[in-house]
Amino acid sequence: MSNHTSPFDSSNGDTPQKKFWDPQPEGENSSPVSRPADAHSEYSASTPWHRPSGAGIPPTPPRSPMQPLQLPARPLPSNGGSSARHGQFQSLPGSPRPAGLSSFQQGSTQTPEKLKLSSNADNPLPLQGSQPGKRSKGRPPFNPRLAVPLVLVVLLVIAGSFLGQHFLQASTTLLPNKAANGNANGGNFVAPPLSSQQIDNLRHLTDHMKYQQLAYLYVSRMSLDEEIGQIMMVEYSENAYSPSLDTMIHDLHAGGVIMYQRQINTLAQTKADTAHMQQRATSPLLISADEEGWNVHRLTNIYPPRLSAHDIRNSNSTTVAANEGQKVAHDLLSVGINTNLAPDVDVSPDDGYIGWDQRAFGSTPEDVIKYAGPYTKAMQTGGVIASMKHFPGLGGAPKTTDPHAVFVTVNHTKDQIYKIDLAPFQYFIHSSDKMEQPGMIMSTDVLLPAIDPTYIAELSPTFITKILRNEMGYNGVVITDALTMLGVQVNGQHLDLATAGVMALKAGNDLLLGAGDPASMRSMIDGIKTALNNGTLSKTRLDEAAARVITLKMERHLIAAVPPPANA
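Definitions and cut-offs
Residues numbered from 1 in each chain as written. Predicted model: local features only at pLDDT ≥ 70, side-chain atom pairs only at ≥ 80, totals over all residues. Heavy atoms only, no water. Helix = DSSP H or I, 4+ residues; strand = E, 2+ residues; numbered from the N terminus. Phe/Tyr/Trp six-rings, centres within 6.5 Å; stacked < 30°, edge-to-face > 60°. Buried < 20%, exposed > 50% of the residue type's maximum accessible area, 1.4 Å probe, protein only. Axes fitted to C-alpha atoms, helices over the stretch in contact; angles between N-to-C directions. Parallel < 35°, antiparallel > 145°, perpendicular 65-115°, else oblique. Left-handed = near helix turned anticlockwise from the far one by under 90°. Contact = heavy atoms within 4.5 Å. Nonpolar A, V, L, I, M, F, W, Y, C, P; charged D, E, K, R; others polar. Pairing = 2+ DSSP bridges. Right-handed = clockwise from strand over helix to strand, strands pointing away. pLDDT = per-residue confidence, 0-100. 1 Å grid on protein atoms, 1.4 Å probe; cavity = no way out; pocket = protein on both sides within 12 Å on 5 of 7 lines; lining within 4 Å. Points joined across faces, edges and corners; volume = space filled by probe spheres on them. Arc of directions from axis to C-beta. Core = buried A, V, L, I, M, F, W, Y, C linked by side-chain atoms within 4.5 Å. Polar contact = N/O pair within 3.5 Å; in protein donor to acceptor, adjacent residues only side chain to side chain. Salt bridge = Lys/Arg side-chain N within 4 Å of Asp/Glu carboxyl O.

**With respect to unusual backbone geometry**
Then, in step 1: Cis geometry marks the peptide bond from Ala342 to Pro343, where omega comes out at 10°.
Then, in step 2: Turning to its location among the elements, Pro343 is positioned in the loop between strand E6 (339–340) and helix H10 (365–381).
Then, in step 3: Pro392 follows Phe391 through a cis peptide bond whose omega is 0°.
Then, in step 4: Examined against the element boundaries, Pro392 turns out to sit in the loop between strand E7 (385–391) and helix H11 (414–421).
Then, in step 5: At Asn491, a position not held by glycine, the phi torsion is positive, near 55°.

Written out as structure tokens, the structure reads:
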């Protein structure tokens, strides 16, 4: 019989230990019983009443209908003894064999004494009075010990039937019905029927889990060089596709490329360059540009000027915002650019660094959210990844400061940072509309001493991991601003690209922007490898960053959401 685990067994799935009586009784009332073949090995097959596992019953020779059956003597219950009532056999003192076999010596040719049988050949049972251990009614005696487990089984069956019926009847009441109890705030996981928003939340949750699991599988199949390359977005100084760019994409496995106005000259040239990039890439690329509008307009050689964020805010129309987002998506995709390093969600007054350049959607969090929301939704619905910037906020920077050229400090209080600067990021991270949620968030090099007096935000574990990841719950890609900017300093010292890259990764960024040629990219790769070897950077952090980049590419259908090839 195969072993089956009962639902009433212990939680580890082990069946209860079976107990066996010792066949060598210590007292006269000990009761030897048969045991399975896999019981204790010290009870060998030489024991007279033990049959080895798999042993069959010897065939019975043919006999005539009138020939009495010859049976060996065996122990029979006595008529009136207590041991017969309890189904026990009497054994002779000092012998391991039960009574009735005591005269049979092991290894002897002597046959046991014949029983006196009835002349009824169809039922040749012992005659009444023929043996002291006679059977009174031709069937084995009732063993009360068997009754206990049988009663338990019956009780369990009855209880199981009752409880099963009870749970089936109660199944419709285990989860409260929102319509019945009037609870409109049942959360995302409630009893059916689900609202369309709840269904959408569930669908996107399972999608993200699937993408993330596949992304880690991709990362596990990558070489270390390929994995490090995936977390870098490179730029190039030439006006068209060049051998330098090819080396970074093909040989050093860059995960993304940023393009500037000087490299976007004509529609045909730009389309050919971006197509060639994708063809030569190890993995499909995130190809990006800063296309905000007005004077931050990288497509100006191909498409006419577009509205700035300031213009959209002054229109007082969310429809205008959505139309601009749709146009941006169309124009970028037409030249093979799939990622926009926009919108700018800094809350800035008109005389601030962001505001005076007309890059701000408003001077309050409410205005920024009102217009940046439909702009982002239309752009991402159109197929372009949105990267909201500049986390945690450059809105408080004076217009005379530019992190590209100087070290920037914003002396907002902690309360101002949370209520003003971080408010748009917090809103969009948790937007109920997935197309309003940022595909990426760009961190920047601004010092906010009220929260971290030592490290600029993009190099600060406090801002990137503690606040953005843990407090605000963002699990998407964080891309740095260009790590070559003069504002990338610690304690007044400008950092080299390799050091800045390692610090940015440790802080919690996933995609490093800054390498502009093969030499600078190799210096960043070598810096990361050195940090891995000396324990400054963990492999787990690198895996996490690479997996987030791959997850984003799957979510936006740049990489097929299927397991990588076995030889990958």
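Picking up where we left off.
**Description of the packing of aromatic side chains**
Then, in step 1: Taken as a whole, this structure holds 3 aromatic pairs when the rule is applied.
Then, in step 2: A centroid spacing of 5.3 Å and a plane angle of 85° characterise the contact between Phe391 and Phe425, whose relative ring orientation is edge-to-face. Residue Phe391 is found in strand E7, and its partner Phe425 is found in helix H12 (residues 423–429); the two are separated by 34 residues along the sequence. Accessibility assignment for this pair places Phe391 and Phe425 in one class, buried.

**Brief notes about the packing of helix H14 (residues 497–507) against helix H15 (residues 518–534)**
Then, in step 1: Interhelical geometry of H14 versus H15 gives an angle of 50° and a closest axis separation of 8 Å. Relative to H15, the element H14 is oriented oblique. Taken as a pair, H14 and H15 cross one another with a handedness that is right-handed. Two secondary-structure elements touch here, H14 through Leu497, Ala498, Gly501, Val502 and Leu505 and H15 through Ser520, Ser523, Met524, Gly527, Ile528 and Ala531.
Then, in step 2: Of the residues contributing to the contact of H14 with H15, the split by class is 7 nonpolar, 4 polar and no charged.

**Examining the pairing of strand E3 (residues 286–289)**
Then, in step 1: Judged by which residues are buried, E3 turns out to be covered on both faces: Leu286 and Ser288 on one side and Ile287 and Ala289 on the other are all buried.
Then, in step 2: Relative to E3, strand E2 (residues 256–258) runs parallel, the two sharing 3 bridges. Across the sheet, residue Val257 finds its bridge partner in E3, namely Ile287.
Then, in step 3: A crossover links E2 with its parallel partner E3, the connecting element being helix H7 (residues 267–280), and its sense is right-handed.
Then, in step 4: As paired strands, E3 and E6 are joined by 2 bridges and run parallel to one another. Along E6, the bridge assignment pairs Ala289 with Asn340.

**Re the confidence of the model for the chain**
Then, in step 1: Confidence in the prediction of the chain, expressed as mean pLDDT, is 77, and 64% of residues score 70 or more.
Then, in step 2: Ignoring residues within four places in sequence, the model shows residues 1–137, a span with pLDDT below 50, making 108 contacts including any to other chains.
Then, in step 3: This stretch, residues 165–190, has a pLDDT under 50; its non-local contacts, to residues over four places away or in other chains, come to 14 contacts.

**Details of the sheet that holds strand E1 (residues 232–234)**
Then, in step 1: Taking strand neighbours across the sheet as the criterion, the 8 strands line up as E9-E8-E7-E6-E3-E2-E1-E12 in an open arrangement whose pairing is parallel. Of all strands in the sheet, those bounded by a partner on one side alone are strand E9 (477–479) and strand E12 (512–513).

**Quick notes on helix H6 (residues 243–251)**
Then, in step 1: Residues of H6 that are buried: Ser244, Leu245, Asp246, Thr247, Met248 and Ile249.
Then, in step 2: Buried-residue contacts for H6 involve E1, E2, H7 and H15.
Then, in step 3: Following H6 by one or two positions, His253 has its phi on the positive side, about 65°.

**Here we look at empty space enclosed by the protein**
Space left empty within the atom packing is revealed by a probe, the size of a water molecule, rolled over the atoms.
Then, in step 1: Summed over all chains, the structure comprises 1 cavity of 30 Å³ or more.
Then, in step 2: Around the largest cavity, the lining comprises 16 residues; the ones closest to its centre are Glu292, Gly293, Ser308, Ala309 and Arg359.
Then, in step 3: Each residue belonging to the lining of the largest cavity can be placed in one class, and the counts come to 8 nonpolar, 4 polar and 4 charged.

**Here's the deal with helix H13 (residues 461–471)**
Then, in step 1: Within the span of H13, buried status applies to Phe463, Ile464, Ile467, Leu468 and Arg469. Down the axis of H13, the smallest arc covering the buried residues is 170°, so these residues share one side.

**Focus on the nonpolar core**
Then, in step 1: Ranked by internal contacts, the top residues of the largest apolar core, which has 103 residues, are Met277, Phe391 and Ile528.
Then, in step 2: Those residues in contact with Met277 that lie beyond four places of it in its chain are Tyr236, Tyr241, Leu245, Ile249, Val257, Met259, Leu285 and Ile287.
Then, in step 3: The next biggest cluster of nonpolar side chains, apart from the first, holds 14 residues, and it includes Leu341, Ile479, Leu511 and Val549.

**Some words on the side chain of Thr401**
Then, in step 1: The residue Thr401 is located in the loop between E7 and H11 in this model.
Then, in step 2: Among the polar contacts listed, one links the side chain of Thr401 to the backbone oxygen of Pro398, at a separation of 2.7 Å.
Then, in step 3: In contact with Thr401, other than residues within four places in its own chain, are Tyr353, Val406 and Val408.

**Observations regarding the side chain of Ser242**
Then, in step 1: Within the fold, Ser242 resides in the loop between E1 and H6.
Then, in step 2: Accessibility expressed as a relative area gives 6% for Ser242, which makes it buried.
Then, in step 3: A polar side-chain atom of Ser242 sits 3.1 Å from a polar atom in the side chain of Glu238.

**Here's the deal with the environment of Val328**
Then, in step 1: Structurally, Val328 can be placed in helix H9 (residues 318–334).
Then, in step 2: Here Val328 falls in the buried class, since its relative accessible area comes to 0%.
Then, in step 3: For the pair Val328 and Val384, spaced 56 residues apart in sequence, the C-alpha to C-alpha distance is 8.6 Å.
Then, in step 4: When neighbours within four sequence positions are excluded, Val328 is seen to be in contact with Glu291, Arg306, Asn340, Tyr375 and Met379.

**A short note on the pattern of salt bridges**
Opposite charge on two side chains lets them pair, provided their charged atoms get close.
Then, in step 1: In the structure shown here, the tally under the stated rule is 21 salt bridges.
Then, in step 2: In this structure, Asp350 and Arg313 form a salt bridge, with 3.5 Å as the shortest nitrogen-oxygen distance. Here Asp350, found in the loop between E6 and H10, pairs with Arg313, found in helix H8 (residues 309–315); they are 37 residues apart in sequence, far enough to count as distant.
Then, in step 3: Residue class for Asp350 comes out partly exposed when judged on its relative accessible area of 45%.
Then, in step 4: Taking the shortest distance from any N to any O, the salt bridge between Glu544 and Arg541 comes out at 2.9 Å. With a gap of 3 residues between them, Glu544 and Arg541 both fall in helix H16 (residues 539–555), about one helical turn apart.
Then, in step 5: Judged by its relative accessible area of 28%, Glu544 is partly exposed.
Then, in step 6: Through salt bridges that share partners, Asp290, Glu292, Arg298, Asp344, Arg359 and Lys389 make up one connected network.

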